[in-house]
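Here's the letter readout for the chains.
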Amino acid sequence: MKKITVLLSIFVLALGILAAGCGGGSKGDKKAASGTPAAKEELIVGTEPSFAPFEFPEKDSKEFTGFDMDLIRAIAKEMGYKKCTIRNMGFDALIPAINSGNLDVSIAGFSITEERKKQVIFSQPYYKSGLAFVVRKDVNDVTKFEDLQKKTIAVQMGTTGALYADKLKEKGAVVKTFNTSDLACMELKNKGADAVISDLPVLQYFLKNGGSEYAKLAGEPLTAEDYGIVISKKNPELAKQVDAALDALKKNGTYDKLYEKWFGSKPAK
Ligand code: GLN
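Residues numbered from 1 in each chain as written. Predicted model: local features only at pLDDT ≥ 70, side-chain atom pairs only at ≥ 80, totals over all residues. Heavy atoms only, no water.

## Some words on the pairing of strand S10 (residues 174–178)
Looking at chain direction, strand S9 (residues 152–156) and S10 are connected through 5 bridges and run parallel. Each bridged residue has a counterpart across the sheet, and for Ala-154 the counterpart in S10 is Lys-176. With helix H5 (residues 160–166) bridging S9 and the parallel S10, this β-α-β connection has right-handed handedness. (Pairing = 2+ DSSP bridges. Helix = DSSP H or I, 4+ residues; strand = E, 2+ residues; numbered from the N terminus. Right-handed = clockwise from strand over helix to strand, strands pointing away.)

Encoded structure:
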């Protein structure tokens, strides 16, 4: 009889351990044995750091810097995480990594689109952006988007810019896709492409930091797009917490301070 009781308690204990191990949520959601929330340990963030001024390698350091990087570190702190770890991966690998649970959140200048909303949750918008294009300085016959039909266009794989460029494919444009935004711009420099379609603030930063030697903006901005932070549909609680942290940072002035640091002006209301 005693033996059965011992066996039974081992079984019950094992069940308890199993149940605890199956809990969903991010690393920070784990509850301590007492039932009170444990200190949030680590928020795992994914990005693709070739997208200055939003995410790019910090000079003489292994860290990444930029508006998105500052913002997500501030959000993690506001949410009570002790550590915010930033992982570097290909842009088109970020959503799959969110959905497989390898990342808690992703911030990478992600435009909020209906197509992506079918796969993930977006936070509230945190930056107003949009697509535009640059051409090589010696290209003088492109003044509007349609003029790109006869041209070779470089884009970053999996981006809204790549989708936009595809509209011109059947009209004769050649579209070359690259893993990073930097490589797309490099192709322009090497005369392997006539134009790059990307996000306006990124193109402006690129022109200001050396790109204007061989490239120039052409035509009007193509779209208006909002950036959002990406969270798994399996984790709506985390999405709510990210939104609450963003609200708090907007309210306490941190968001405006970071915006001014990176863009030199206050965000438009
Ligand atoms: N905003 C664009 C998109 O969401 C580009 C993002 C990027 O290249 N990091 O597709």
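On we go from here.
## Focus on the packing of helix H2 (residues 67–79) against helix H9 (residues 254–263)
One way to put it is that H2 packs onto H9 with a least axis distance of 10 Å and a crossing angle of 160 degrees. In terms of orientation, H2 lies roughly antiparallel with respect to H9. Judged by the twist between their axes, the crossing of H2 over H9 is right-handed. Every residue of H9 that contacts H2 at Phe-67, Asp-70, Leu-71 and Ala-74 is listed here: Thr-254, Tyr-255, Leu-258, Tyr-259, Lys-261, Trp-262 and Phe-263. Across the contact of H2 with H9, the residue classes tally to 8 nonpolar, 1 polar and 2 charged. (Axes fitted to C-alpha atoms, helices over the stretch in contact; angles between N-to-C directions. Parallel < 35°, antiparallel > 145°, perpendicular 65-115°, else oblique. Left-handed = near helix turned anticlockwise from the far one by under 90°. Contact = heavy atoms within 4.5 Å. Nonpolar A, V, L, I, M, F, W, Y, C, P; charged D, E, K, R; others polar.)

## Some remarks on helix H7 (residues 200–208)
Buried residues of H7: Pro-201, Val-202, Leu-203, Phe-206 and Leu-207, and no others. The secondary structure elements touched by the buried residues of H7 are strand S7 (127–129), strand S8 (131–136), helix H6 (181–189), strand S11 (195–199), strand S12 (215–218) and strand S13 (225–227). (Buried < 20%, exposed > 50% of the residue type's maximum accessible area, 1.4 Å probe, protein only.)

## Here we look at the sheet that holds S12
Strand order across the open sheet formed by 5 strands is S10-S9-S11-S8-S12, with mixed pairing between neighbours. In this open sheet, the two strands that pair with only one neighbour each are S10 and S12. With direction set aside, neighbouring strand axes in the sheet form an average angle of 30 degrees. Relative to S11, S8 is paired through 5 bridges, and the arrangement is antiparallel. Note on S11: the bridge partner recorded for Val-134 is Val-196.

## Remarks on the layout of surface pockets
For the largest pocket, the calculated volume is near 330 Å³. Taken together, 17 residues line the largest pocket, and the ones lying closest to its centre are Asp-182, Cys-185, Tyr-205, Phe-206 and Asn-209. Secondary-structure elements contributing two or more residues to the lining of the largest pocket are strand S2 (56–57), H6 and H7. Ranked by residues supplied to the lining of the largest pocket, first place goes to H6 with 5 residues. Considered class by class, the residues forming the lining of the largest pocket number 10 nonpolar, 5 polar and 2 charged. (1 Å grid on protein atoms, 1.4 Å probe; cavity = no way out; pocket = protein on both sides within 12 Å on 5 of 7 lines; lining within 4 Å. Points joined across faces, edges and corners; volume = space filled by probe spheres on them.)

## With respect to the pattern of salt bridges
Counting across every chain of the model gives 15 salt bridges. For Lys-169, the salt bridge goes to Asp-166, with nearest N and O atoms at 3.5 Å. The shortest N-O distance in the salt bridge between Lys-176 and Glu-187 comes to 2.9 Å. Of this pair, Lys-176 sits in strand S10 while Glu-187 sits in helix H6; the two residues are 11 residues apart in sequence, bridging distant segments of the chain. For Lys-176, a relative accessible area of 28% gives the class partly exposed. Salt bridges linked by common partners bring Arg-136, Asp-138 and Asp-194 together as one network. (Salt bridge = Lys/Arg side-chain N within 4 Å of Asp/Glu carboxyl O.)

## So, the sheet that holds strand S6 (residues 120–122)
Read from one edge to the other, the open sheet built from 5 strands follows the order S4-S1-S5-S14-S6, with strand pairing classed as mixed. The open sheet has two edge strands with one neighbour each: strand S4 (81–88) and S6. Its contacts with the sheet place H2 against strand S1 (40–47), S4 and strand S5 (105–106), and it is angled at close to 150 degrees to S4. Strand contacts of helix H3 (residues 91–99): S1, S5, S6 and strand S14 (230–232), with the helix running at about 35 degrees to S14, the strand carrying the most contacts.

## Some details on the confidence of the model for the chain
Per-residue pLDDT for the chain averages 89, and the proportion of residues at 70 or more is 86%. Within the model, the stretch residues 10–25 combines pLDDT values under 50 with 1 contact to residues more than four positions away or in other chains. Note on residues 28–38: pLDDT is under 50 here. Beyond four places in sequence and across chains, it has 12 contacts. (pLDDT = per-residue confidence, 0-100.)

## Considering the site of the ligand
Taken together, Phe-51, Phe-91, Ala-108, Gly-109, Phe-110, Ser-111, Arg-116, Gln-156, Thr-159, Thr-160, Asp-199 and Tyr-227 make up all the residues around the ligand. Between a nitrogen atom of the ligand and a main-chain N or O atom of Ala-108, the distance comes to 2.8 Å. Between an oxygen atom of the ligand and a main-chain N or O atom of Thr-160, the distance comes to 2.7 Å. One can see that the ligand is located within the largest cavity. Of the residues contributing to the shell around the ligand, the split by class is 5 nonpolar, 5 polar and 2 charged. (Near = heavy atom within 4 Å. Polar contact = N/O pair within 3.5 Å; in protein donor to acceptor, adjacent residues only side chain to side chain. Sits in = over half its atoms within 2 Å of the grid points.)

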